[in-house]
Amino acid sequence: MRRRAALVVALITAMVGASAGAAGAAPRSSYTYLHPGGQPRLTEKVPVNVVFLGYEPNQVGKAAYLSGLPKKYEPLVRYRLVYGQTEKLGITYTYDYQVSYGSKSYEDKFFSQLGKLAKPAPLTAYQTAYNEQAGNVKDITSNNVIDAPSVEKWLAYHPPAGVDTRRNTIFFINWYGRSDFKFHVYTKIGEPDPDTGYDFGKERDSRKVIAWGGTTADDEETGLGSTRRVWFHDLSAGPESWTSNYDVDNPDLDGDGVVDYRMPPTWEYTAGGFRAPGALAGDLGLITRYVALNLLMTTSPLYPVELPTPEPPKSLNLDSNTYEGWPGVDASTEYITPGLLVDELSELRWRNRLDFDNQDLPYDAKAEECYLGVLTDESCYPGSGYPAFANLYLYNWANLERTKDDVGRVDYEIPLFNYAVAEGVGVPALGFADDNYVDGTQTGVFSFISPEVVASGYGLTTTQIHEVGHHLGMSHPHDGYDSETGVDYGPEGEFLFANAGDESNSMMSYIDVNWDFSQFDRDNSDRFLTAAYHEAANRLAADVLAAPKASKVRAQLRAADVLLGLSTKAFARHEYRAAYAFAEGAYNAVVAAAKKAGVDPAGAAKALKAEADAARRTTEVHDPHEFIDTLAPDSPRSQP
């Protein structure tokens, strides 16, 4: 694809050059898709298929369901919001909803398939806990486990007539009420942590789920074979841990005085149950809007996808640096699997060349002081004005040069810092992707390991993949941004049900049953990068047109305009990879124009960086850090 895109760029440039003649540079207004100095203008009418299986129109009315759904979405950089900045990507989605109800013959066929896949199993701890609730309307008398990837694959290749699962498709399932109903949960097993061998899906009841989807065509364990975009959600499964819907006695689960909103099992939508029957349509609408759309299918990046480099990088080095503070253990050798790390991240950033290297760093007195200060809330740079949580950032940035071992070989080294500590020392988190504490620009990636972390099932590799995912812009599938209301939310209070988004085949989930980026992750990353290249081309084009030699580069700018047009049209057709490749080609054409016109292609980025550096010197330091990947006792991922 990379070579083909380069050939397309060359061909278009040659064709435009042949027709340009000796005329001067075209005025800005003559470009259709190139907007010098302006924002991207990418639009997509996003198909959203919604299929109700086992829900009848009198249970979930179409009008009631649709009434709470958004009309459009404009993604922005979420971490900028923490600093009071609204940075939109220049993308506008509108939604094209197609709602249908399964026919009797289709439902009979589907639920027969569920019955065949169901295997008897003991009640989960959370089904037992549900039975012990004072207010439950039904006891779980038996249980079955059903392989979630098998259900996803069946739905992907056997949809109802007229439903194209190559486009975003949500299946809402309700088996309850049929004569063939079986109490059940879904499982995803067979993908243990690569460093410890611990299979969360097999060993923990908290990883028995009621939803699943997003698997890619080429997933090494459960790949669909060709691209499909399916997510199913089944309230007749469980009850479960992840969305806390086993608890029907306590409106406020964490005692903060706010009702923790979650969707109970289907049979609880009844008179005297946890929820009134009339609330079902609205609740499924909430899951569609605040989970399926905002968190999976059309989400916003956490950090800017434009990495802090002078020009968009082509080669990325995963620059791993490990503080070996665990006596007798070489953590970088024992708990990092470089091949998996590179492979998984390469699938997300497929147009970049990725490689890995590690060096061990001394866990000396200052390194230890700064590390322990994070745990005890004591700054190791007390005069800096930075909070204690910034210790690791400040220490490693003060010593960053010793990690720069690939200068000149790659375009960007992603700084990974791993801390291996002894038993009883403690860790501040599994990991976090840090920022600069001033404007929300990503900086380093921090991962932690200790005997206690290993005993919990984790090595370093999966944390690194997850945190680098954040560094590259990816958000969790359990927290996100709602464009029409302007609300950034996480899984607590009125949005507790957002934890359902973790029940997807995404490395950015906390559920720990897979280590892959989902099809939704890939789609969103490609869209974000398409916008980033549009913006980079526009920004550089403004400098080119202001140059004395602008008249000499008409062909290159025309070629960029044509390529941005191809990118824009591919984007609108949901061809995200082609859109990304064409946008990169357009940027390269503007770079060629810049060089010919005597303009530094990195000049615009350098100017922006200088402005940002100046702002940092006069901007208050913050300590938001709302997206730390913890193993706190109350975290869903810490549950048995």
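Located above this text is the structure these notes cover.
Residues numbered from 1 in each chain as written. Predicted model: local features only at pLDDT ≥ 70, side-chain atom pairs only at ≥ 80, totals over all residues. Heavy atoms only, no water.

A. The nonpolar core, seen in detail. Residues Phe 110, Leu 155, Tyr 186, Trp 231 and Leu 284 are the most contacted members of the largest nonpolar core, which totals 113 residues. Per-element tally for this core: the top contributor is helix α15 (residues 519-545), with 12 residues. Apart from the residues lying within four places of it in its own chain, the contact partners of Leu 155 are Leu 53, Tyr 106, Phe 110, Thr 165, Phe 171, Ile 173 and Phe 232. Within the second largest apolar cluster, 48 residues are counted, among which are Ala 390, Ile 414, Ile 465 and Phe 627. (Core = buried A, V, L, I, M, F, W, Y, C linked by side-chain atoms within 4.5 Å. Buried < 20%, exposed > 50% of the residue type's maximum accessible area, 1.4 Å probe, protein only. Helix = DSSP H or I, 4+ residues; strand = E, 2+ residues; numbered from the N terminus. Contact = heavy atoms within 4.5 Å.)

B. The arrangement of the pairing of strand β3 (residues 91-101) in detail. As defined by bridge partners, strand β1 (residues 42-53) adjoins β3 across 11 bridges and the pair is classed as parallel. Opposite Pro 47, over in β3, you have Asp 96 as the bridge partner. Here strand β2 (residues 72-73) runs beside β3; their pairing, made up of two bridges, is antiparallel. Residue pairing in the sheet places Lys 72 in a bridge with Thr 94 of β3. (Pairing = 2+ DSSP bridges.)

C. Looking closely at the sheet that holds strand β10 (residues 315-325). Here we have five strands laid out as an open sheet, ordered β11-β10-β12-β14-β13, and mixed in their pairing. Two strands close off the open sheet at either side, each with one partner strand: β11 (353-361) and β13 (431-435). On average, each strand axis in the sheet is tilted by 20 degrees relative to the strand beside it, whichever way the strands run. In terms of strand pairing, β10 meets strand β12 (residues 412-421) through 10 bridges, oriented parallel. What sits directly across from Asp 319, in β12, is Pro 415. Along the sheet face, helix α14 (residues 461-471) touches β10, β12, β13 and β14 (442-449) and points at about 165 degrees away from the line of β14. (Axes fitted to C-alpha atoms, helices over the stretch in contact; angles between N-to-C directions.)

D. The packing of helix α16 (residues 554-572) against helix α17 (residues 576-597), seen in detail. The interhelical angle for the contact between α16 and α17, taken along N-to-C directions, is 165 degrees, at an axis separation of 8 Å. One way to sum up the angle between α16 and α17 is to call them roughly antiparallel. The two elements α16 and α17 cross, and the hand of that crossing is left-handed. Facing α16, whose interface residues are Gln 556, Leu 557, Ala 559, Ala 560, Leu 563, Leu 564, Leu 566, Ser 567, Ala 570 and Phe 571, α17 presents Tyr 576, Ala 578, Ala 579, Phe 582, Ala 583, Gly 585, Ala 586, Ala 589, Val 590, Ala 592, Ala 593 and Lys 596. Of the residues in the contact of α16 with α17, the class split is 18 nonpolar, three polar and one charged. (Parallel < 35°, antiparallel > 145°, perpendicular 65-115°, else oblique. Left-handed = near helix turned anticlockwise from the far one by under 90°. Nonpolar A, V, L, I, M, F, W, Y, C, P; charged D, E, K, R; others polar.)

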